[in-house]
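Listed below, chain by chain, are the residues.
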Amino acid sequence: MRVFSTPSLLVVSSLASAAYAATRQFDIDILNKVIAPDGFARSAIAPGGTFPGPNIITYKGDSVEIVTHNKLTDPKMRRSFSIHWHGFFQAKSSAMDGPAFVNQCPIAPGADFTYAFDTAGQTGSYWYHSHLSTQYCDGLRGTFIVYDPHDPLAHLYDVDDGTSTESTIITLADWYHVLAPAAQNTFFTTGSIPIADSTLINGRGRYNGGPLVDFAVINVKPGLRYRRVSCHLRVAPTNTPFFTFSVDSHNLTAIELDGVEHDPVTVENVDVYAAQRVSVILEANQPIDNYWIRAPPTGGNLANNPNQNPAFALAIVRYEGAPAVEPITTRVPGVKLDDGTMHPIAQEGPGKLGDQPADVHYVLNIAQPNPPFFDINGISYVSPSVPVLLQILSGAAQPQDFLPSEQIFLLPPNKTIDISIPGAGAHPFHLHGHNFDVIRQPNTDVFNFVNPPRRDVTPVNGGNMTFRFFTDNPGAWFLHCHIDWHLEAGLAIAFAESPTDNIQGPHAQITPQAWETLCPEYDALPPDEQ
């Protein structure tokens, strides 16, 4: 079961054939549109005219060319944009990774830009979203699936199709009635973090006192096993930022974390943190009926937004032959997925980074001496005026070469890196350009070097969470809390990995002319168009 949505997208190359190493072309207008996913009409950013944005479907070994057109006109929201293709390593294409002022300058109103990169053998569940300020809270997000025609775990399920009426993609999203720039301004001036008005599953939801919007329906046939991806597309506005995903009367067998397949583990519910993706298998083995899908958000002060009702975080699993009515099923609490019990399949090389001490070990201490802003090791992240990647390609190679130098960490090539982040707060941290082995889970002193879970987003939930990765991918890579309000309040650092290898040699970056003109075009814009 993949958790996303399935709006249409112009696909120039046919997806009917799963041919290897094809270049698949997509064309997306980034535009404003008034939408009402929970019954409240507001202007939003609708990629391809939909929310969530159109699914991008590819196959193992494919490259993509995604042409984006900036048609944003609403002056109350950001009018420039950049897009991050979340989870892709972007080897030699760090310029395509998307974070504004780390990898590129934003794309100006009226401009076009083509994101071109190789999926490089990665498979599984990914997504895309704006990476400019808090813009993706206004709707610029969608799903990106890479299918493997020879999936090693294919024997565990019968259906995995993101293109049909029985789509196995499910999306979870927080939704706000207030536009992101206004919500951010309120947060910065009052210190009160925004609370979403509703939770959307596949782009539909309800809020207290709102209209009875039809919940999304997931159709299944009795006896079949469905692989569904629970993609967490939310900005997680609460202090414990996750959804608890479950389906009444059904078990869920987890087999993938953030694009990495793991040995199957069967549970009753899964906590999905901001930006995480989880593939679970749901077997349609219950009596023909309708069953509630539940994904209540946890945490936050709901008194700050009386519209929010976690009990409305619902969708419907409808068996073929069941009447088109809402379920009357109830939830029975059961076993929750523990990330620490997830182990990569043999083909992924579990524990391949070894048990020796790391070559480089950074401890990142989170503090809030000036709420609502965050510090890491005494520094609150502020976007540089020149993208980090452009600084690298201009010759920056030592700490003093970078501006601002104190928030850019240098990583040497071909070394094992450990990152420890002590503390509480349920901050889901995402590393760009790599996935990592979580060798120490939160709230434990036990290390697992043999078969730790591997993913690209993991929460800081107390204790001293530690993850490990290997520097084999030169580039500029962001590490940040994926609660966008927290990121914008400074909870981030940037890595400059193997600076000189980005300029020449086998790992040299490929930067098209259009990328090089983004900064001059953006810098020339008046503030209301940035």
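Preceding block: the structure.
Residues numbered from 1 in each chain as written. Predicted model: local features only at pLDDT ≥ 70, side-chain atom pairs only at ≥ 80, totals over all residues. Heavy atoms only, no water.

### Looking at the nonpolar core
Ranked by size, the top nonpolar core spans 51 residues in total, and within it Ile66, Trp85 and Phe144 carry the most contacts. If near-sequence neighbours (up to four positions away) are discounted, tryptophan 85 is found in contact with Ile56, Ile66, Gln90, Met96, Asp97, Tyr115, Phe117, Trp127, Tyr128 and Phe144. (Core = buried A, V, L, I, M, F, W, Y, C linked by side-chain atoms within 4.5 Å. Buried < 20%, exposed > 50% of the residue type's maximum accessible area, 1.4 Å probe, protein only. Contact = heavy atoms within 4.5 Å.)

### A look at the side chain of threonine 471
Positionally, threonine 471 belongs in the loop between β31 (464-470) and β32 (475-481). On the basis of relative accessible area, threonine 471 is assigned to the buried category, the value being 1%. At 2.7 Å, the side chain of threonine 471 and the backbone oxygen of proline 412 are in polar contact. Those residues in contact with threonine 471 that sit more than four places away from it in its chain are Leu411, Pro412, Pro413, Asn414, Lys415, Ile417, His434 and Glu497. (Helix = DSSP H or I, 4+ residues; strand = E, 2+ residues; numbered from the N terminus. Polar contact = N/O pair within 3.5 Å; in protein donor to acceptor, adjacent residues only side chain to side chain.)

### Some details on the state of the cysteines
In the structure shown here, the tally under the stated rule is 1 disulfide. The disulfide that involves cysteine 105 links it to cysteine 519, with 2.1 Å between the sulfurs. Since a negative S-S torsion denotes a left-handed disulfide, the cysteine 105-cysteine 519 link at about 90° is right-handed. Placement of the pair is cysteine 105 in the loop between β6 (83-86) and β7 (112-118) and cysteine 519 in helix α5 (residues 518-523), with a sequence separation of 414 residues. By relative accessible area, which is 1% here, cysteine 105 ends up buried. Classification of cysteine 519 by relative accessible area gives buried; the value is 12%. (Disulfide = S-S within 2.5 Å.)

### Side note on the sheet that holds strand β27 (residues 427-431)
The 5 strands lie next to each other as β25-β33-β32-β27-β30, forming an open sheet whose pairing is mixed. Either end of the sheet is taken by a strand with one partner, and the two such strands are β25 (408-411) and β30 (457-460). Geometrically, the sheet is characterised by an average inter-axis angle of 25° between neighbouring strands, direction not taken into account. Sheet topology places β32 next to strand β33 (residues 492-497); 6 bridges connect them, and they run antiparallel. The residue bridging glycine 475 from the neighbouring strand is glutamate 497, located in β33. (Pairing = 2+ DSSP bridges. Axes fitted to C-alpha atoms, helices over the stretch in contact; angles between N-to-C directions.)

### Looking at the pattern of salt bridges
Going through the model one piece at a time under the given rule, you end up with 17 salt bridges. Note that aspartate 258 and arginine 455 form a salt bridge whose closest N and O atoms lie 2.9 Å from each other. Taken together, the residues span a long stretch of sequence, with aspartate 258 in the loop between β15 (252-257) and β16 (260-267) and arginine 455 in strand β29 (residues 454-455) at a distance of 197 residues. Assessed through its relative accessible area of 2%, aspartate 258 is described here as buried. A relative accessible area of 1% means that arginine 455 is categorised as buried. A salt bridge links aspartate 437 to arginine 454; the shortest N-O distance between them is 2.6 Å. Taken together, the positions of aspartate 437 in strand β28 (residues 436-440) and arginine 454 in strand β29 put the pair 17 residues apart, joining distant regions of the chain. When its relative accessible area of 3% is taken as the criterion, aspartate 437 is described as buried. Judged by its relative accessible area of 3%, arginine 454 is buried. The network of salt bridges with common partners includes Asp151, Asp160, Arg227, Glu256 and Glu261. (Salt bridge = Lys/Arg side-chain N within 4 Å of Asp/Glu carboxyl O.)

### A short note on the environment of valine 67
Tracing the backbone shows valine 67 in strand β5 (residues 63-71). Distance in space between the C-alpha atoms of valine 67 and isoleucine 28 is 6.2 Å, their sequence separation being 39 residues.

### Side note on unusual backbone geometry
Excluding glycine, residues mostly carry a negative phi; peptide bonds, for their part, are mostly trans. Residue proline 372 is reached from proline 371 by a cis peptide bond, and omega for that bond is 10°. Within the secondary structure, proline 372 is located in the loop between β23 (366-370) and β24 (373-376). Looking along the chain, the bond that leaves leucine 403 and enters proline 404 is cis, with omega of -10°. Mapped onto the elements, proline 404 comes out in the loop between α2 (388-393) and β25. You will see that serine 249, though not glycine, has its phi angle at about 70°, which is positive.

Nothing here speaks to function; it is all geometry.
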